[in-house]
4 protein chains.
Amino acid sequence: MNFLSDNAYGAAPQMLEALAAANGGVAAPYGADPITERLRAEMARVFERDVGVFPVATGTAANALALATLVPQHGAIFCHRDAHISVDECGAPEFFTHGAKMVTLGGAHAKLTADRLEDAVTPFQKGIVHHAQPAAVSLTQATELGTCYRPEEIAALAATARKHGMKVHLDGARFANAVAHLGCTPAELTWRAGVDALSFGATKNGAFGAEAVVFFNAADARDFEYRRKKAGHLVSKMRFVSAQLLASLEDRRWLRWAGRANAQAARLARTLEDSGAEIAHPVESNAIFVSFPDAVVAKLRAGGAHFYDWGTPTHGRTLVRLVVSFATPDDNIDRFIALVRR
Amino acid sequence: MNFLSDNAYGAAPQMLEALAAANGGVAAPYGADPITERLRAEMARVFERDVGVFPVATGTAANALALATLVPQHGAIFCHRDAHISVDECGAPEFFTHGAKMVTLGGAHAKLTADRLEDAVTPFQKGIVHHAQPAAVSLTQATELGTCYRPEEIAALAATARKHGMKVHLDGARFANAVAHLGCTPAELTWRAGVDALSFGATKNGAFGAEAVVFFNAADARDFEYRRKKAGHLVSKMRFVSAQLLASLEDRRWLRWAGRANAQAARLARTLEDSGAEIAHPVESNAIFVSFPDAVVAKLRAGGAHFYDWGTPTHGRTLVRLVVSFATPDDNIDRFIALVRR
Amino acid sequence: MNFLSDNAYGAAPQMLEALAAANGGVAAPYGADPITERLRAEMARVFERDVGVFPVATGTAANALALATLVPQHGAIFCHRDAHISVDECGAPEFFTHGAKMVTLGGAHAKLTADRLEDAVTPFQKGIVHHAQPAAVSLTQATELGTCYRPEEIAALAATARKHGMKVHLDGARFANAVAHLGCTPAELTWRAGVDALSFGATKNGAFGAEAVVFFNAADARDFEYRRKKAGHLVSKMRFVSAQLLASLEDRRWLRWAGRANAQAARLARTLEDSGAEIAHPVESNAIFVSFPDAVVAKLRAGGAHFYDWGTPTHGRTLVRLVVSFATPDDNIDRFIALVRR
Amino acid sequence: MNFLSDNAYGAAPQMLEALAAANGGVAAPYGADPITERLRAEMARVFERDVGVFPVATGTAANALALATLVPQHGAIFCHRDAHISVDECGAPEFFTHGAKMVTLGGAHAKLTADRLEDAVTPFQKGIVHHAQPAAVSLTQATELGTCYRPEEIAALAATARKHGMKVHLDGARFANAVAHLGCTPAELTWRAGVDALSFGATKNGAFGAEAVVFFNAADARDFEYRRKKAGHLVSKMRFVSAQLLASLEDRRWLRWAGRANAQAARLARTLEDSGAEIAHPVESNAIFVSFPDAVVAKLRAGGAHFYDWGTPTHGRTLVRLVVSFATPDDNIDRFIALVRR
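Residue positions are counted from 1 within each chain, in the order its sequence is given. Ligands are numbered from 1 and chains lettered from A, in the order in which they are written. Two thresholds apply to this predicted model, a pLDDT of at least 70 for residue-level local features and 80 or more for giving and counting side-chain atom pairs, whereas whole-chain, interface and lining totals are computed over all residues. The basis for the side-chain values is all heavy atoms of the structure; hydrogens and waters are excluded.

What should I look at first to understand the overall build of chain A in this one?
Of the regular secondary structure elements, chain A holds 13 helices and eleven strands. The reference for a compact globule is 2.2 Å times residues^0.38; the radius of gyration itself is calculated from the C-alpha atoms. At 20 Å, chain A has a C-alpha radius of gyration in line with the 20 Å of a compact globule built from 342 residues. Along the longest, intermediate and shortest principal axes, the C-alpha atoms of chain A span 60 × 60 × 30 Å. Remark: exposure states derive from per-residue accessible area (1.4 Å probe, protein chains only) relative to the maximum for the residue type, with buried under 20%, exposed over 50%, and partly exposed in between. Going through the 342 residues of chain A one by one, you find that 66% of them count as buried. Surface accessibility of chain A: about 11,100 Å² in total, with carbon and sulfur atoms responsible for 52%. Neither His nor the chain ends is counted toward charge; the positive residues are Lys and Arg and the negative residues Asp and Glu. By convention, charge coordinates are those of NZ in Lys, CZ in Arg, CG in Asp, or CD in Glu. Looking at chain A, you have 36 positive and 35 negative side-chain charges, and the mean spots of the two groups are 2 Å apart. Strands are runs of DSSP state E lasting at least 2 residues, helices are runs of H or I lasting at least 4, and numbering of each runs from the N terminus. Calculation of accessible area relied on Shrake-Rupley with a 1.4 Å probe; when residues are assessed, cover is drawn exclusively from the protein chains displayed.

Below, the structure is given as C-alpha cells:
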C-alpha cells in the first residue's frame, strides 16, 4: 500500500506500447520528428489554439525553464510558500533566471488569492532599480495540498498580474488531476483565464518521464529553445518523450487516469471522514491530507501502509499525506480503509 | 534639512585630504600598494586579530560577494524580511551566488532572534537534495530600523547558525553606528560573537565610496579575490579606496563621526517624543522612525525638511524615517525641532 | 540509408525489455530504488573500483554538470576546438559553471596532445586574479572525428593536467566505441590513466535516453547531487534511466553493440578507400570522414543515402561524415558501397 | 621610471579639485544629482547626439555590464585573442552574461579585421540551438598592443556585425588615446561607424576611478540599470564618479592628457628605433612594445626603469611593454632614453 507519491508507481502499459511503436527505424533527433509534430497538433487540439510545445524530461526543468523565459534576471516571482518551485526544487528558478527573487505568500489550502497577490505586489516600487521588479506569478494546479483553482480564481489572479505587468505561469505537474476534477476544458483553465505558460506534467500520471512546457503566445517562447539546449534539457531522441505525452493525450487517457485517481482519493477521503479522521484540506485531486491520532498512524504503518508525515506530530496527532496514483490498485484503497477501521 | 539618507551627504574633509595624501607618485595597482597594506594592519589592530580585508566600492558588492564566498549555489541564506540584502539590492545575493535561496524572517524592530532562526532552519531537511541547504545567516548591524544587536544576541544567533552548519555574515553598512552606540569593541560584535564575515561600511559614514569585506577566518576567504575580480569589483587604483577606509579608522574617526550622528539622532528623538510624537523603534543609531499626524508631516515638508515616508499613511498618521548623517549640521536638528513644535 | 547520426536510430529491443521489467509495482523515486543500486554495483564491477554513478537524461547535462562540479567559477576548461562541449552545447559549460572560461586548442584528428596542453596552460598566470585559472581538461573519447585516445595518451594529458592542478574529464558519449576499438579495459581508459570524471553515454549506443556521470573519487562528487537537482536533472522515476544503463552494461551489450558499429564502419571505410575515396581521419570508432567528388556525393544522395557534409565543399570535393549506429542494417552498408561503386 | 601601466599613476590634480567642488552639501544619491545630469549633457555634446551614460567604478564592470546588456545568454561574443575582456577579466563577460561564449580571433597588432570576423562568424549556424549565436563583436580602442582602429576599419567590422545581426561594443579603456591619436571626432569613432555601446575609460587617463558605459541607442540600454544595481555597481554617492568624468571631459582635458602621453610615447619610440631597438607594433597611443637584447633589459632595470616583459624572452631578446601615462614626467622619458643609449 504505497501512498507516498504518484511517482512511486511505474508507467502505464500504454506508455510501453507507445515507446515500442515509436521505436521503428530512424527519425530526426531533437524534436524534428513526426511524433513530436503530432504532439504539437494534438496539444493545439486539446488547448483549442496554436501553442508552443517543448518536451523536457522533468517537472523542475519545465518550471524553471518556463520561468526563466518569462522573467528577467531582475524580476520577482510570486508564489505560494508551499509551492514546489519554492520548496522542492533546490532553488532551480533562482538558478535558471540568474538570480530572480522568489516572493512567497500564504493562503489557505496552498492557494493564492488575487487579494493577497495584490497586497504582496503593491509595495514593490516599479521602475526603482534597488528592488526586484514584479515579473510573474506561478500557481500550482492542482496545488501541493491537493486543492484546485477554479477558472475564475485563476482569472482574478491573472488580472492582478496583468495589471502589474506580470506573466502567469502554471505548474501543472498534476494538471490532469485538476482538469479531471473541475470538469473544465484545458483552455478554460489556462489561456482563457490568462495563463501564459504551463508546465504540463505526464510523469506523475502514467509516463516514464515526460513533461512539456506549453506557451500560449509565440512571443513568450522566443528564447526558450536556446535555454532548453543550454541547460542540457534538449533530449536527442525526443520522439520517445513526445510519444509518451501523445499516448497520454490520446483517447483522453490523461483525464481518465487522473479521474480514476481522483475518484479513489475522494472515496478514501469520504470513508476516512466517516471514520472520524480530520481531513485538513478539500480533496480536489489525488492527494488527501488527513490527521490521525498517532496510534492510528502507527497501526497503519504496521499494517503495511506507506505514506509521508506532513510536518511534525503535535498533541498526539499526525497530519499525513496520502497520494493515490493512476495505478493504485482499488484493493489498496480497500485494505487501507479496513486498516483504519480495524 | 536633509534627513533622507546618510548617503545624501558628501564626504568628510579628511577624506579629501586622504586622497590628496595618497596621490603622490606611483603605486602598484589592485591592492599591492602600501596604503592597502597599512589598511590591513589597521584593521587587524581594530579587530584584535588577523583579518582578511578586501576593499570594494559599494555595500551591495561587499554583501553579495561575501555571501557568495560563504554560501554554495544550493545554499539558503536567512535574513530579516527588512534586510537590505533582501529588499534593496535587486536580487544581488541570488545573482552572485548563482541562485542561492533567500529565506526572510520576521522579528521586532528588524532584528532576528535565535529562536526565530531555529524555527526557520529546523524544517529544512539536511542532506535532502530537493531543498536548499541552510548555509548562512545575515544580520544587519545597525539594522534597517536603526536598532542594534547586542553581542549576546549575535552570539546566540551565531550559536544557532553553527549548530546547523551555517556561516554568519554581518551587513555593517552602519557598523560604526552600532559600535559607537553599544560601546563594545569591534571584536566583541564580530568574531568573538561568532561572525565569519563583515561588510564594513564607510560610505554612509563620511567616505566618498569605500567599503571592505572583512573575513575573520582565512579559509573562508579563499575564493574571494577571484570572485571580486570576476564581478568587476577589483578597483585598479585601490590605494584611493583603501586611503578612505584608513582615514576613517585613524584617530577613531569612524566612531567619532558615527557617535556624533547617533547623539544628534538621540537628541532629536527625545525631543520628538517629548512633543508627543510616537517613536516606532528604539533609537540605537542614526535613524529615527517616528509617526506623525499627516498634518505635521505636511508642515515639516512645507518648512523645508526632506525625509522618506516609511510605508503608506494610515488613519491620519504617517511613519517617517529621519536619518542623521556624520555631517548633518546641528542647526538642522534645531530647525527640525522648531518646526515640529511650531 | 541513414548515416546522419547514431541518435537517428531508436533504441535496442533490450531497452524496451528492460523498461518493461523495471515497470512492475512501486519503487522509491530519485535514485533510491534497487535498479539504480544494481547499476552502481555493475558500474563498480565494470570500472574495477568504487565509483559515484549519477544517471541523467542527456549528454549535455552529464558534461556540464560534471565540469561544474570539478571547476570553480573562475576556472578555465581546456578542450579541443572541435569538442562537443565547445561547439555543440550552446555554451552549457559556461552556464553551469557560472562563467568558467573555455579555452580551445587545435590538434590533429580532434585530439589534444600533452604538449599542446602544456603550451596552452603555461601562459596562464597561476594565482593572478585577472586571469581564469586552469582547472580542468576535457577530452572526448571517441572524439568528434571518430578517433580514439590511447591509454598512454590520456595518461600523458592527465599528467600535464595534474602538474598544473587541473582535473581531467572525459566526454564519453561514444565511450563504448572507444573501449571496443582499443580493446582496453574501461579502467585503463579512465582512472588508471588519471581521469577524474566520465560522462558515460548510452543514448547513442542503443538507449532511449540514458547517460551517467561517473566520478572516480568520492571527494570530487560532493556537490554533484545538489547541482543535478538544481538544474532540473534529477529524474523522479530514475529506475527507468538506470534500467537502460544496466541493460547496456549487462552481457557486455554496450561493447558488443559498439563493436558491431565499429566493425561496420571499418568495413565501409576500407571499401571506400579501395574505391579511391579519401579518408580524412583514422577510422577508430563508428564514424567515417571521407572526401568524395561532388558528383559522387550527389549520386549517393540521389540513391537514398543520408549524411552530413562536414564543412563547405571546396575544389569540387566534399568532406562528409558517415555515422554507423548500433542498429544500422548490414544491408545499408552494402547498398552504400554499391552506390559508391556504381 | 615607472612604465608598468597607466594605472600606476595617481589622479590628476583637477580630479581632486572636482571632488572638492562636488563635495558641498547634499545631493540625491544613485545618479539623480545635478553633476551626473551635467555629465549626461556633456557626453551628448562630445558625441554629438543623445546618449545613455552610466557611470561605474571599473573598466571590467563597464565591459561586462555592457556586453551582458547587448548579448543573450546563448550569444557568442567575438573579440581578439589579446582582448582584455578575454584575457584579463577572469571571465567577467561569461559571468555577467550567464554563460555567453567568447570566441577569440587572431589579427596583426591586436586588431580584428572585417574579413577575419566574417570568416569566424560564418561557420556559426544561425537559428540552430546547439550552437551559441553570434551576438556581438567587441573591439578594444586603443588596442592592448597600443594600436588604433581607423573609422573605416570600425565601419567595416560593424557592417559585418550588422549583416549577422550582431551588436558592436568598444572597450575604450584608452579611448582618449585613440581619439587623440587619430584626430577623429568621438562620433566618427563610435556611432557614426556603427558602434552600439562604448566603455568610456577615465581611470587610466587621470581619474581616481571612473568609467562610463555609453549607449548610442536608448533601446539597447533598457535593462542596464537593473543589471548595474544587481551586480553591485550602482554607486550611491555617484556625483563623485560623475564629477571625475566631467572633469575629464571639460576643457578637453581627456584629449590633452591622452595626447601628451601619446606624444611622449611617440618620442620615446622614435628614439628607441633610432637606437636600433625593434618596435613590434605601430605606436599609435601611449604604449610601446619593443624588443631589446636581454642585456639591455637588464641594464634598464638596473638603472631604475620598471616595465613588464611581454611574453617569454627568446633567442637573447625580450619583448617589453612601456606604458606612458598622463602623468609620466618628461624627465622619465629622457632618463630612459639616456639609459638605453648608455
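Help me understand the interface of chain A and chain C in this model?
Between two residues, a contact is recorded if the distance between any of their heavy atoms is within 4.5 Å. Across the contact, 45 residues belong to chain A and 45 residues belong to chain C. Summed over both partners, the interface of chain A with chain C buries about 3,700 Å², with 59% contributed by carbon and sulfur atoms. Buried area adds together the accessible area that both of two parts lose upon being put together, with accessible area traced by a 1.4 Å probe. Of all residues in chain A, Phe95, Lys230 and Lys237 of chain A give up the largest surface area on contact with chain C, accounting jointly for 20% of the area buried on that side. A carboxyl oxygen of Asp or Glu within 4 Å of a side-chain nitrogen of Lys or Arg is what we treat as a salt bridge. For the pair chain A and chain C, the number of links is zero salt bridges. Between N or O atoms, a polar contact is any pair within 3.5 Å; within protein, one atom must be a potential hydrogen donor and the other a potential acceptor, and residues adjacent in sequence are included only when both atoms are from side chains. At the boundary of chain A with chain C, the tally comes to 26 residue pairs in polar contact (both at pLDDT 80 or more). Those elements that place two or more of their residues in the side of chain A that touches chain C are α1 (13-22), α3 (59-70), α5 (92-96), α9 (224-230) and α10 (239-249) of chain A.

I tried to follow the relation of the copies chain A and chain B on my own but got confused; where do I start?
Mapping between the two copies of the chain is achieved by a rotation about an axis and a shift along the axis. Only residues with pLDDT of at least 70 in both copies count here: their C-alpha atoms drive the least-squares fit that superposes the copies. Mapping chain A onto chain B calls for a rotation angle of 180° and an axial translation of 0.0 Å; the resulting RMSD is 0.0 Å. Taken together, the rotation angle and the small translation identify this as a two-fold axis. It is Gly99 of chain A whose C-alpha, among those of chain A, lies nearest the rotation axis, at 2.7 Å. In this assembly the copies share their binding face: 100% of the residues contributing to the interface of chain A also contribute to that of chain B.

I would appreciate a short explanation of the environment of Gly304 of chain C in the present structure.
Residue and element names in this part refer to chain C. Within the fold, Gly304 resides in the loop between α12 (294-302) and β10 (308-309). Judged by its relative accessible area of 27%, Gly304 is partly exposed. For the pair Gly304 and Arg335, spaced 31 residues apart in sequence, the C-alpha to C-alpha distance is 9.6 Å.

Got a minute to help me understand the interface of chain A and chain B in this structure?
Often the size quoted for an interface is simply the accessible area lost on bringing the parts together. Contact residues are listed per partner, giving 20 residues for chain A and 20 residues for chain B. Between chain A and chain B, the buried area comes to about 1,500 Å², and carbon and sulfur atoms account for 51% of it. Contact with chain B buries area across many residues of chain A, yet Cys90, Phe95 and Lys101 of chain A alone supply 35% of it, more than any other trio. The interface formed by chain A and chain B includes two salt bridges. Ionic pairing is found between Glu94 of chain B and Lys101 of chain A, a salt bridge with its closest N-O pair at 2.8 Å. Here chain A and chain B share ten residue pairs in polar contact (both at pLDDT 80 or more) between them. Every element with two or more residues in the side of chain A that touches chain B is listed here: α4 (84-87), α5 and β3 (101-105) of chain A. Charged residues are taken to be Asp, Glu, Lys and Arg, nonpolar residues to be Ala, Val, Leu, Ile, Met, Phe, Trp, Tyr, Cys and Pro, and polar residues to be all remaining types, Gly included. Residue composition of the side of chain A that touches chain B, grouped by class: eight nonpolar, eight polar and four charged.

Can you help me understand the relation of the copies chain A and chain C in this one?
Of the two same-sequence chains, chain A is brought onto chain C (RMSD 0.0 Å, axial shift 0.0 Å) by a rotation of 180°. Residue by residue, 100% of the interface of chain A is reproduced at the interface of chain C, so both copies engage with the same surface.

I'm lost on the pairing of strand β2 (residues 75-80) of chain C in this one. Help?
Residues in a regular strand point their side chains to alternate faces of the sheet. All names here are of chain C. With respect to burial, β2 is a largely interior element, six of its six residues being buried. Across five bridges, the pairing between β2 and strand β3 (residues 101-105) is parallel. Paired with Phe78 across the strands is Val103, a residue of β3. If DSSP finds at least two bridges between two strands, the strands pair.

Please explain the sheet that holds β3 of chain A as it appears in this structure.
Two pairing modes exist for strands in a sheet, parallel and antiparallel, and in both the strands are linked by backbone hydrogen bonds. All names here are of chain A. Reading across from one edge, β1-β7-β6-β5-β4-β2-β3 is the order of the seven strands in this open sheet, with mixed pairing throughout. The strands lining the two open edges of the sheet, one partner per strand, are β1 (52-56) and β3. Mean inter-strand twist for the sheet, computed between neighbouring axes without regard to direction, equals 20°. Taken strand by strand, α3 contacts β1, β2 (75-80), β4 (133-140), β5 (167-172), β6 (197-201) and β7 (211-215), and its axis lies near 20° from that of β7. Lines are fitted to the C-alpha atoms to define the axes, a helix being fitted only along its stretch in contact, and any angle between axes, read from their N-to-C directions, falls within 0 to 180 degrees.

Can you help me understand the side chain of His80 of chain A in this one?
All names here are of chain A. Following the sequence through the fold, His80 ends up in strand β2. Within the local environment of His80, its side chain forms a polar contact with the backbone nitrogen of Asp82, the two atoms lying 2.9 Å apart. A polar contact of 2.7 Å, which involves the side chain of His80, links it to the backbone oxygen of Gly107.

Honestly, helix α3 (residues 59-70) of chain B in this entry has me stumped. Any pointers?
Quick reminder: α-helices carry 3.6 residues per turn. Residues three or four places apart thus point the same way. All names here are of chain B. Each helix should span, by expectation, one fewer than its residue count multiplied by 1.5 Å. Between the first and last C-alpha of α3 there are 17 Å, a value that for twelve residues agrees with the 16 Å anticipated at 1.5 Å per step. Within α3, eleven of the twelve residues are buried, leaving the element largely enclosed by the surrounding structure. For α3, the complete set of buried residues consists of Thr60, Ala61, Ala62, Asn63, Ala64, Leu65, Ala66, Leu67, Ala68, Thr69 and Leu70. For α3, the side-chain oxygen to backbone nitrogen distance between the N-cap and Ala61 is 3.0 Å, and the N-cap itself is Thr58.

I keep staring at the environment of Gln244 of chain A and nothing clicks. Help me out?
All names here are of chain A. Tracing the backbone through its elements, the reader meets Gln244 in helix α10. Gln244 gets classed as buried once you look at its relative accessible area, which sits at 6%. Counting along the chain gives 42 residues from Gln244 to Ala202, while the straight-line C-alpha distance between them is 7.9 Å. Setting aside residues up to four positions removed in sequence, Gln244 forms contacts with Met15, Leu19, Ala207, Phe208, Gly209 and Ala210.

What should I look at first to understand the pattern of salt bridges in this one?
Any two side chains of opposite charge can pair, so long as their charged atoms come close to each other. Residues and elements named next belong to chain A. The full count for this structure, using the stated rule, is 69 salt bridges over all chains. A salt bridge links Arg174 to Asp6; the nearest nitrogen and oxygen atoms lie 2.7 Å apart. Placement of the pair is Arg174 in the loop between β5 and α8 (175-182) and Asp6 in the segment before α1, with a sequence separation of 168 residues. This pair shows no difference in class: Arg174 is buried, exactly as Asp6 is. Residues Arg335 and Asp331 are paired through a salt bridge, measuring 3.7 Å at the closest nitrogen-oxygen approach. Taken together, the positions of Arg335 and Asp331, both in helix α13 (residues 330-341) and four residues apart, correspond to about one turn of that helix. Since its relative accessible area comes to 40%, Arg335 is described here as partly exposed.

What is the right way to read the state of the cysteines from this model?
When the sulfur atoms of two cysteines share a covalent bond, that bond is a disulfide. The criterion for a disulfide is a pair of cysteine sulfur atoms lying within 2.5 Å. Following the criterion strictly, the structure yields zero disulfides over all chains and no others. Lacking any disulfide linkage, Cys79 of chain D is separated from the closest cysteine sulfur, that of Cys90 of chain D, by 15 Å.

Can you walk me through the sheet that holds strand β10 (residues 308-309) of chain D in this structure?
Residue and element names in this part refer to chain D. A sheet is described by the order of its strands in space; here four strands give the open sequence β8-β9-β11-β10, paired in antiparallel fashion. Strands at the two margins of the open sheet, each flanked by one partner only, are β8 (278-279) and β10. Both β10 and strand β11 (residues 317-323) contribute to a ladder of two bridges, which runs antiparallel. Paired with Tyr308 across the two strands is Arg321, which belongs to β11. Contacts from helix α11 (residues 253-274) reach β8, β9 (287-293) and β11, with the element oriented near 20° to β9.

Which parts of the structure should I look at to understand the packing of aromatic side chains?
Remark: the centre distance and the inter-plane angle together describe each pair of aromatic rings, the angle taken between the planes. Aromatic contacts are taken between Phe, Tyr and Trp rings whose centres are within 6.5 Å, Trp giving its six-membered ring; a plane angle under 30 degrees counts as stacked, one over 60 as edge-to-face, and the others as tilted. Within this structure, the stated rule accounts for 66 aromatic pairs over all chains. Centre to centre, the rings of Phe95 of chain A and Phe95 of chain C are 5.3 Å apart; their planes meet at 55°, and the pair counts as tilted. Taken together, the residues Phe95 of chain A in helix α5 and Phe95 of chain C in helix α5 (residues 92-96) connect one chain to another. Since its relative accessible area comes to 2%, Phe95 of chain A is described here as buried. Their ring planes at 85° and their centres at 6.3 Å tell us that Phe307 of chain D and Phe336 of chain D sit as a pair that is edge-to-face. Remark: Phe336 of chain D occurs in helix α13 (residues 330-341) and Phe307 of chain D occurs in the loop between α12 (294-302) and β10; sequence separation between them is 29 residues. Each of the two residues, Phe307 of chain D as well as Phe336 of chain D, counts as buried. Aromatic rings pair up to connect Phe47, Phe175, Phe200, Phe216 and Trp254 of chain A into one cluster.

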